[in-house]
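What follows is each chain in one-letter form.
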Amino acid sequence: MKSAVENLTPTRVKLNVEVPFEELKPSIDEAYKTVASQIQVPGFRKGKVPAKLIDQRVGRGYVLETAINEGLNGWYQAAVQESGIRPLSRPEVEITEVPDPSATDGELKFQAEVDVRPEIELPDYSGIKVEVAAAESSDADVDKALDELRGRFGTLKTVERPAADGDFLSIDITASIDGAEVDSASGLSYQVGAGTMLEGMDEAVTGLSADEDAIFDTTLVGGDHAGESAQVKVVVKSVKERELPEANDDFAQLASEFDTLAELREDLAKQAADSKVVEQGVEARDKVLDKLVELVEVPVPESVVEEQLEQHFKAENSHGEGEHDTEEHRAEVKANTERAFQNEIILDAIAEKEEVGVSQNELIDYIVTTASQYGMDPNQFAQIIDQSGQVPMMVSEVRRRKALAVVLGQAEVTDSEGNKVDLSDFVRPGGEEAQAVEAEAETEAEEAGETVANDDPAAVKF
């Protein structure tokens, strides 16, 4: 078999493949067996019909067509391997020449057009310069951390006053469309300001006391009427506020390993300072990746964008979120898809140049981290990704993250005050700082409503 590659665009090629008759013949022999098992001829057992009789009954042309259909994918895959291209889409195949059915020689010729990963030329990425915000923590940061800690030990107390931001309510809701009730629920718990229920809920319940109600218009997000406009009546059954324990030595002993509030505040101050440094690492990581994308031109195949758009909006429609399919939203998804593809191509190229590998322990750590984010048992999660053939994808993801860590480790990072920022701890896998960056990235993803797996300080949100 011979194959030749014709470049159509930076991301699309045409494979010209020629299969000689001697390589086509095994497929023809197999096709005779297939046809023999499909037809019945008096005097012959099924599957034992001679080739000449098959030619008389169904024609050698049909046998040849069967052989080509069954062997085409194998020849295409062999041509892909021989040429070294890396396809990104299904090929568009056109058969241009077939052997004469009556002859015993000749060759099969076909063309396959397919989108491929673009080849890029990496610039010198050592010493990329980025600036991050200065790491400054204040007493306000310590107070905030202390209040958050107190909140973990807080209790809810019923209050006789209108609901305010942060209060916890017990509510009944009823949804109606054109005056007809379509859904209802009683005894729901809701924190004012959480924004986790229906759009307009926070504005409706703010200022209501127990046994008072309000009606507001909204769009339903679940059930049989998801995506439809409805009128919702909400009745507040009770208003509770979180009562925080007093910040004193007794609380310090309850909530920590420290004996005094002063010691606890000192530790919280250190954590706040460390958190600011973590923010610097996350900011530097993102800006280094931005610089890489600026330095390298990566063409994006249209098929990649179209496939992602189709999957995204198909998922949204299945969840009753079809109203989000706007021109602006499509432009946003398209931009995110193109950027993610560029990130992937650049980091893969860096990983190849730097000869970045992934150890079994690194893959296991990544699987365990990802499983925890999905709330799954790591062993069960590992079985699922193995059965679905996603292990190579996860290996690639870890490899890209390590590649970005290499670039981040070579970057020149300064803060807004001109001080040099040392990120050596952040690019060292497994350190406390690395785990802190990972946690910070997960928090960012949760706030953005994304599900993102981050396993090291150089994690990229793809």
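Residues numbered from 1 in each chain as written. Predicted model: local features only at pLDDT ≥ 70, side-chain atom pairs only at ≥ 80, totals over all residues. Heavy atoms only, no water.

## Digging into the overall build of the chain
Within the chain one finds 13 helices and eleven strands. On C-alpha atoms alone, the chain measures out to a radius of gyration of 31 Å, which is more than a quarter above the 23 Å that the 2.2 N^0.38 rule sets for 462 residues. For the chain, long-range pairs separated by at least 24 residues make up 66% of all intrachain contacts whose partners lie at least 6 apart in sequence. As displayed, the chain offers around 26200 Å² of accessible surface, 45% of which is attributable to carbon and sulfur atoms. (Helix = DSSP H or I, 4+ residues; strand = E, 2+ residues; numbered from the N terminus. Rg over C-alpha atoms; globule rule 2.2 N^0.38 Å. Contact = heavy atoms within 4.5 Å. Areas by Shrake-Rupley, 256 points an atom, 1.4 Å probe, with all protein chains shown as cover.)

## Brief notes about the pattern of salt bridges
Applying the stated rule across the entire model yields 25 salt bridges. Taking the shortest distance from any N to any O, the salt bridge between Glu 397 and Arg 400 comes out at 3.6 Å. With Glu 397 and Arg 400 both in helix H12 (residues 391-410) and three residues apart, this pair spans about one turn of that helix. Here Glu 397 and Arg 400 have matching classes, each one buried. Each member of the salt-bridge network shares a partner with another, and the members are Arg 117, Glu 344, Asp 348, Glu 397, Arg 400 and Arg 401. (Salt bridge = Lys/Arg side-chain N within 4 Å of Asp/Glu carboxyl O. Buried < 20%, exposed > 50% of the residue type's maximum accessible area, 1.4 Å probe, protein only.)

## Observations regarding the pairing of strand S10 (residues 229-243)
Inspection of the sheet shows strand S6 (residues 155-158) paired to S10 by four bridges, in the antiparallel sense. Looking at the pairing, Lys 157 lines up with Glu 241 of S10. Where strand S7 (residues 168-177) and S10 come together, nine bridges link them in antiparallel fashion. Looking at S10, one finds that Thr 174 is bridged to Lys 233. Sheet topology note: the strand S9 (residues 213-219)/S10 ladder contains seven bridges and is antiparallel. Bridge pairing links Thr 218 to Ala 230 in S10. (Pairing = 2+ DSSP bridges.)

## Here we look at the domain arrangement of the chain
Many structure descriptions define interface size as the accessible area lost when the parts assemble. Domains assigned within the chain are domain 1 (2-115), domain 2 (155-243) and domain 3 (266-424). For domain 2 versus domain 3, the separation of C-alpha centres amounts to 37 Å. (Domains from an automatic or database assignment.)

## A look at the sheet that holds strand S3 (residues 92-97)
Overall, antiparallel pairing links the four strands, which are arranged S1-S2-S4-S3 in an open sheet. Unpaired on one side and paired on the other, strand S1 (2-9) and S3 mark the two borders of the sheet. This sheet shows a mean twist of 20° between the axes of neighbouring strands, independent of strand direction. Seen against the sheet, helix H1 (residues 21-36) touches strand S2 (12-20) and strand S4 (107-115) and runs at an angle of roughly 80° to S2. Across the sheet, helix H3 (residues 60-83) is in contact with S1, S2, S3 and S4; its angle to S4 comes to roughly 60°. (Axes fitted to C-alpha atoms, helices over the stretch in contact; angles between N-to-C directions.)

## Re the packing of helix H9 (residues 327-353) against H12
A packed helix pair is summarised by two numbers, namely the angle formed by the two axes and the spacing between the axes. As a packed pair, H9 and H12 sit with axes 8 Å apart at the nearest point and diverge in direction by 75°. Between H9 and H12, the angle falls in the class roughly perpendicular. When H9 is examined against H12, the residues Glu 344, Leu 347, Asp 348, Ile 350, Ala 351 and Glu 352 are found in contact with a partner set consisting of Arg 399, Arg 400, Ala 403, Leu 404 and Val 407. Taken together, the residues of the contact of H9 with H12 break down into six nonpolar, no polar and five charged. (Parallel < 35°, antiparallel > 145°, perpendicular 65-115°, else oblique. Nonpolar A, V, L, I, M, F, W, Y, C, P; charged D, E, K, R; others polar.)

## Quick look at the packing of aromatic side chains
Taken as a whole and assessed by the stated rule, the structure comprises two aromatic pairs. Sitting over the face of the ring of Phe 313, Arg 330 holds its NZ or CZ atom 4.3 Å from the ring centroid. (Phe/Tyr/Trp six-rings, centres within 6.5 Å; stacked < 30°, edge-to-face > 60°. Lys NZ or Arg CZ within 6 Å of the ring centre and 35° of its normal.)

## Thoughts on a negative patch on the surface
Negative charge collects at one region of the surface, where Glu 246, Asp 249, Asp 250, Asp 259, Glu 263 and Glu 266 lie side by side. Listing elements by their share of the negative patch, those giving two or more residues are helix H6 (249-255) and helix H7 (261-295). Residue position: Asp 259 is located in the loop between H6 and H7. Of the residues examined, Asp 259 reaches a relative accessible area of 52% and is grouped as exposed. (Patch = residues over 30% accessible without salt bridge, like charges linked within 9 Å, V, L, I, M, F, W, Y side chains within 5 Å. Lys, Arg positive; Asp, Glu negative; His and termini not counted. Charge placed at Lys NZ, Arg CZ, Asp CG, Glu CD.)

## Overview of the layout of surface pockets
To find the voids left in a structure, one rolls a probe of water-molecule size over its atoms. What the second largest pocket holds in volume is close to 560 Å³. Asp 141, Ala 145, Glu 148, Gln 271 and Ala 272 are the residues nearest the centre of the second largest pocket, which is lined by 18 residues in total. (1 Å grid on protein atoms, 1.4 Å probe; cavity = no way out; pocket = protein on both sides within 12 Å on 5 of 7 lines; lining within 4 Å. Points joined across faces, edges and corners; volume = space filled by probe spheres on them.)

## Here's the deal with the environment of Leu 289
Note that Leu 289 resides in helix H7. Through-space distance from the C-alpha of Leu 289 to that of Leu 122 is 13 Å; in sequence the pair is 167 residues apart.

## A look at the nonpolar core
Nonpolar side chains in soluble globular proteins tend to be buried together. Counting residues in each nonpolar core, the largest one holds 31 residues, and the members touching the most others are Leu 15, Leu 24, Ile 28 and Ile 54. Listed by contribution, the elements that provide at least two residues to this core are S2, H1, helix H2 (51-57), H3 and S4. Broken down by element, the residue count for this core peaks at nine residues, all from H3. Excluding residues within four positions of it along the chain, Ile 28 makes contact with Phe 21, Arg 60, Val 63, Leu 64 and Ala 67. Residues Leu 289, Val 293, Val 298 and Leu 404 belong to the second largest nonpolar core, which totals 30 residues. (Core = buried A, V, L, I, M, F, W, Y, C linked by side-chain atoms within 4.5 Å.)

## Thoughts on H1
Helix length check: H1, at 16 residues, gives a terminal C-alpha distance of 22 Å against a target of 22 Å (1.5 Å per residue), a fit within 8%. All of the buried residues in H1 are Phe 21, Leu 24, Ser 27, Ile 28, Ala 31, Tyr 32, Thr 34, Val 35 and Ala 36. Looking at the buried residues of H1, the elements they touch are S2, H2, H3 and S4. (Expected span 1.5 Å × (residues − 1).)

## Some remarks on the environment of Glu 199
Position of Glu 199 relative to the elements: it lies in the loop between strand S8 (180-191) and helix H5 (201-205). By relative accessible area, Glu 199 is classed as exposed at 68%. In this structure, the C-alpha to C-alpha distance between Glu 199 and Leu 220, residues 21 residues apart in sequence, is 8.7 Å. With residues up to four places along the chain from it excluded, the contact list for Glu 199 reads Phe 216, Asp 217 and Thr 218.

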